[in-house]
Amino acid sequence: MIVSIEIKSVEPLAEGAAFGPVGAYEKVIGVAHGEVDPRAAANKGIALIDKAPVNARGLVEYVTDFYILRPRDPAKGKGRILYEVNNRGRKMLFGNIADGPQGINDPQKVADLGNGFPLRQGFTIVWSGWDPDAPRANLGLGLTAPVATDGGQPIVQTVRDEFVSGTRGGALEAFKLSYEMASADGAKLTVRERQSDAPQDVAFVTVDARTIRLAADGPQGGKPKPGFLYEFTYQGTKPKVQGLGFAATRDFVSFLRHDSRALAATGGPISHALAIGFSQAGRYLRHHLTEGFNRDESGRRVFDGILSHIAGVGRLFFNVPFAQPARTNTQHEDNRAPEAWFPFSTATLEDPFSRRKGSLLRGDDSDPKLIETNTSTEYWQKGASLLTTDPAGTRDLDDHSKARTYFITGTQHVGNFNTPSSPGSCAMPRNPHDAYPAIRALLVALDEWISTGKAPPPSRVPRIADGTAVPFERLRLPKIPGLVAPPGDNKISVAADWVDPPQTSEAIYGSRLPAVDADGNETSGIRLPDQA
């Protein structure tokens, strides 16, 4: 529960600019202080909660950052929260759904807000911290969570970190570890070019307890080779109780909805709450559901509606000891990172490997209305077809009464009209086809669904029955001069041990890919208008 909030500032957004009939907005920045009972059923699923320090009342404390944009005149707003789950501390909402610039955590000007779409809709927009290791520089959103101990003694466990220079994280001069090294004794750094290659030992130098770098006198001259996989195995210590991030989101949104003290932050009463998340944040929302955190400690539903974009069937490497939630499983990087746990879909199905039955939803009144949207990338990298097929990929699933799934045809994970067409670190040019006009429309549809009961259109996805969802071996890509055809899709396998993962797995789920026409364009999903 939230014990108190501390509002640090309230000021006009974008110098008091008006956003349609809703008018001007204010931004409210502060922190919320919370605590959970480690013995309560609602919190027992938090990893390491039994090893967290407690206060005089026997409760575990946390502090979360928050940032709110509220209509200056509450009567002109919807009285509904749009909560964006931050992505590694970053706000993505305006850079994605509003066609604004990326990387702005504290918008100052109208131009920072793109087309202002969510503001013109009248939402009270909320962010809060959930990741204890998210960067807090430039108003990044984080969570202050306690370090777990074993009766006051440090917990030590083998940890594996993977680093790749020149791709997602830019050029790396040193490697920042996920955890503090308890000791450098026995620590080992290896390198390989591809997942299928045998790792080779490489010399390293310890900079401090959280940083290493390649030895300057080594064969690589102290500089990592771009694109190569560097893996460091060591004895890590001081794990934080990261799963408190789920409780912090649950508690803070519930507080804003139901506690009269929250009026100081929201400016007016709140009737409903929607959540939206992009990529890692979309995977967070799927995990939030399966872990049972969409029900607050008083039994009330937290989010009435959720829109998860570009998450595929993933969740997070999060609510476990020594978690690493920034990782994301792809064909090359973080390939064995555990994130795609059964169940994948909203249907109640049986896992062909564990024989366990389950559903993404819980089948009670804590279930939200759910819209999941994906691009071509998530079908190739994140097993998105398993949202709407059985785990073996042999049959299609009917729509759940509370869920819809949409494939935005011909788009890619981070593509929008601002995307450069240069290849970057890839073999082929990047695709600037913009999925966000469809996502804006579907957010409006989700809002109508929770507020009026008007259901959105049926799901639009590749289907096995009509031949638009096929295994890679049956995909017929056209012969186009200069096309570098992919060797296959990223197979979704049973989540393995990250520290010592198997090189291969026979426990592979039956993910499928969108079929294409003679021009190489996908034939299913939502096909957006041509763009010049």
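A. Spotlight on unusual backbone geometry. The omega torsion across Phe 342 and Pro 343 is 5°, close enough to zero to call that bond cis. On the secondary structure map, Pro 343 appears in the loop between strand 17 (305-309) and strand 18 (349-350). One non-glycine residue, Leu 48, lies in the positive phi region at around 70°. Relative to the helices and strands, Leu 48 resides in the loop between strand 2 (25-36) and strand 3 (60-71).

B. Just the environment of Met 92, in detail. Its location among the elements puts Met 92 in the loop between strand 4 (80-84) and helix 1 (93-96). Owing to a relative accessible area of 15%, Met 92 belongs among the buried residues under this scheme. Look past the residues within four positions of Met 92 in its chain and what remains in contact with it is Glu 84, Asn 87, Gln 102 and Phe 278.

C. Geometry of the nonpolar core. Grouped together as the largest cluster of nonpolar side chains are 67 residues, with contacts concentrated most on Phe 232, Leu 244, Leu 256 and Phe 303. No other element matches helix 3 (residues 244-258), which puts eight residues into this core. Within the second largest apolar cluster, 41 residues are counted, among which are Phe 94, Trp 127, Leu 141 and Leu 274.

D. Main features of empty space enclosed by the protein. Per the stated rule, a full pass over the model turns up five cavities of 30 Å³ or more. Its boundaries defined by the atoms lining it, the largest cavity holds a volume of some 110 Å³. For the largest cavity, the lining is made up of 14 residues, of which Thr 346, Leu 387, Thr 388, Asp 398 and Thr 405 are closest to its centre. The biggest single contributor to the lining of the largest cavity is strand 21 (residues 403-407), with three residues. Here the second largest cavity defines a volume of roughly 90 Å³. Around the second largest cavity sit 13 residues that line it, and Lys 91, Phe 94, Gly 95, Ile 104 and Asp 112 are the ones nearest its centre. Top contributing element to the lining of the second largest cavity by residue count: helix 1, with three residues. In the lining of the second largest cavity, the residues fall into eight nonpolar, three polar and two charged.

E. Examining helix 3 more closely. Spanning 15 residues, helix 3 covers 21 Å between terminal C-alpha atoms, matching the ideal 21 Å at 1.5 Å per step. In terms of burial, helix 3 is a largely internal element, 14 of the 15 residues being buried.

F. Quick look at the layout of surface pockets. Empty space within the second largest pocket amounts to approximately 630 Å³. Lining the second largest pocket are 34 residues, with Gln 331, Asn 335, Arg 336, Asn 490 and Lys 491 positioned closest to its centre. Of the residues contributing to the lining of the second largest pocket, the split by class is twelve nonpolar, 13 polar and nine charged.

The rules behind the values
Residues numbered from 1 in each chain as written. Predicted model: local features only at pLDDT ≥ 70, side-chain atom pairs only at ≥ 80, totals over all residues. Heavy atoms only, no water. Helix = DSSP H or I, 4+ residues; strand = E, 2+ residues; numbered from the N terminus. Buried < 20%, exposed > 50% of the residue type's maximum accessible area, 1.4 Å probe, protein only. Contact = heavy atoms within 4.5 Å. Core = buried A, V, L, I, M, F, W, Y, C linked by side-chain atoms within 4.5 Å. 1 Å grid on protein atoms, 1.4 Å probe; cavity = no way out; pocket = protein on both sides within 12 Å on 5 of 7 lines; lining within 4 Å. Points joined across faces, edges and corners; volume = space filled by probe spheres on them. Nonpolar A, V, L, I, M, F, W, Y, C, P; charged D, E, K, R; others polar. Expected span 1.5 Å × (residues − 1).

That's the geometry; what it means functionally is another story.
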